[in-house]
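Residues per chain are reported as follows:
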Amino acid sequence: MNTNSDRRFDSRQARQCPVKIFDPLRRRYASGVSRNLSHGGALIELTSPITIRAGEAVGVAVDLTGGRAVVRMTDLVAATVVRRDTDDSRARLIAVRYVCPQSMGQTVAAEADRRAA
């Protein structure tokens, strides 16, 4: 069992999907691409750096179809930033853990099963 609390426990699936992050503290959106997804979280590369810290709450929307340009607030899944790629306050690569993994994880798992069939 992984004892490092900022790392994911679930198996990862390499997927490049459009992603939107909503930072409720600063009331800003950031776009990016997932590097990998799992039932419990995601590793996301943002198109431009944002000011965010580990432990902060965010909303995450992963477009598994690659077809939607507009993200509604209802599309967002609650998540927590668990790590970032830099030591300064602006990060481009962030890892998030879903607050309720089943909400996004079931979607990711269903999409993986569909592609495997």
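What you see is a predicted model; the values in this text were computed from it and never measured.

Novice: I'd like a rundown of the overall build of the protein, residues and numbers included.
Specialist: When helices and strands are counted, the protein shows one helix and seven strands. For the protein, the residues scored as buried account for 38% of the 117 residues in total. As displayed, the protein has an accessible area near 6,700 Å², and 50% of this comes from carbon and sulfur atoms.

Novice: Can you lay out the nonpolar core for me, pointing to particular residues and giving the numbers?
Specialist: Grouped together as the largest cluster of nonpolar side chains are 21 residues, with contacts concentrated most on Ile44, Val60 and Val96. If near-sequence neighbours (up to four positions away) are discounted, Val96 is found in contact with Gly40, Gly41, Ala42, Ile44, Val58, Val60, Ala79, Thr80, Val81 and Val82.

Novice: With reference to specific residues and values, describe the pattern of salt bridges.
Specialist: In this structure the tally under the stated criterion is four salt bridges. Between Arg26 and Asp23 there is a salt bridge; the shortest N-O distance is 2.7 Å. On the basis of relative accessible area, Arg26 is assigned to the partly exposed category, the value being 27%. With a shortest N-O distance of 2.9 Å, Arg26 and Glu56 are connected by a salt bridge. Of the two residues, Arg26 sits in the loop between strand S2 (18–23) and strand S3 (28–38) while Glu56 sits in the loop between strand S4 (41–51) and strand S5 (57–62), which places them 30 residues apart along the sequence. Judged by relative accessible area, Glu56 falls into the buried class, the value being 15%. One network of salt bridges, in which partners are shared, links Asp23, Arg26 and Glu56.

Novice: Break down the environment of Val70 for me, with residues and values.
Specialist: Along the polypeptide, Val70 turns up in the loop between S5 and strand S6 (77–84). Overall, the relative accessible area of 63% leaves Val70 in the exposed class. The spacing of Val70 and Lys20 is 50 residues in sequence and 9.5 Å in space, taken between C-alpha atoms.

Novice: Got a sec to walk through the pairing of S3? Specific residues and values, please.
Specialist: With three bridges joining them, strand S1 (residues 12–14) and S3 adopt antiparallel strand pairing. The residue bridging Gln13 from the neighbouring strand is Leu37, located in S3. The pairing of S3 with S4 spans five bridges and is antiparallel. Across the sheet, Leu37 pairs through a bridge with Ala42, a residue of S4. With antiparallel pairing between neighbouring strands as the criterion, S3 and S4 make up a hairpin whose turn holds two residues.

Novice: Run through the pairing of S2, naming residues and quoting values.
Specialist: Bridge analysis of S2 against S3 gives six bridges, and the strand direction is antiparallel. When the sheet's bridge partners are listed, Lys20 is paired in S3 with Ser31. Hairpin connection from S2 to S3: four residues lie between these consecutive antiparallel strands, with Arg27 at a positive phi of about 55 degrees. Examined bridge by bridge, S2 and S5 share four bridges and lie antiparallel to one another. Residue Val19 lies in a different strand from S5, and its bridge partner there is Val62.

Conventions we followed
- Residues numbered from 1 in each chain as written.
- Predicted model: local features only at pLDDT ≥ 70, side-chain atom pairs only at ≥ 80, totals over all residues.
- Heavy atoms only, no water.
- Helix = DSSP H or I, 4+ residues; strand = E, 2+ residues; numbered from the N terminus.
- Buried < 20%, exposed > 50% of the residue type's maximum accessible area, 1.4 Å probe, protein only.
- Areas by Shrake-Rupley, 256 points an atom, 1.4 Å probe, with all protein chains shown as cover.
- Core = buried A, V, L, I, M, F, W, Y, C linked by side-chain atoms within 4.5 Å.
- Contact = heavy atoms within 4.5 Å.
- Salt bridge = Lys/Arg side-chain N within 4 Å of Asp/Glu carboxyl O.
- Pairing = 2+ DSSP bridges.

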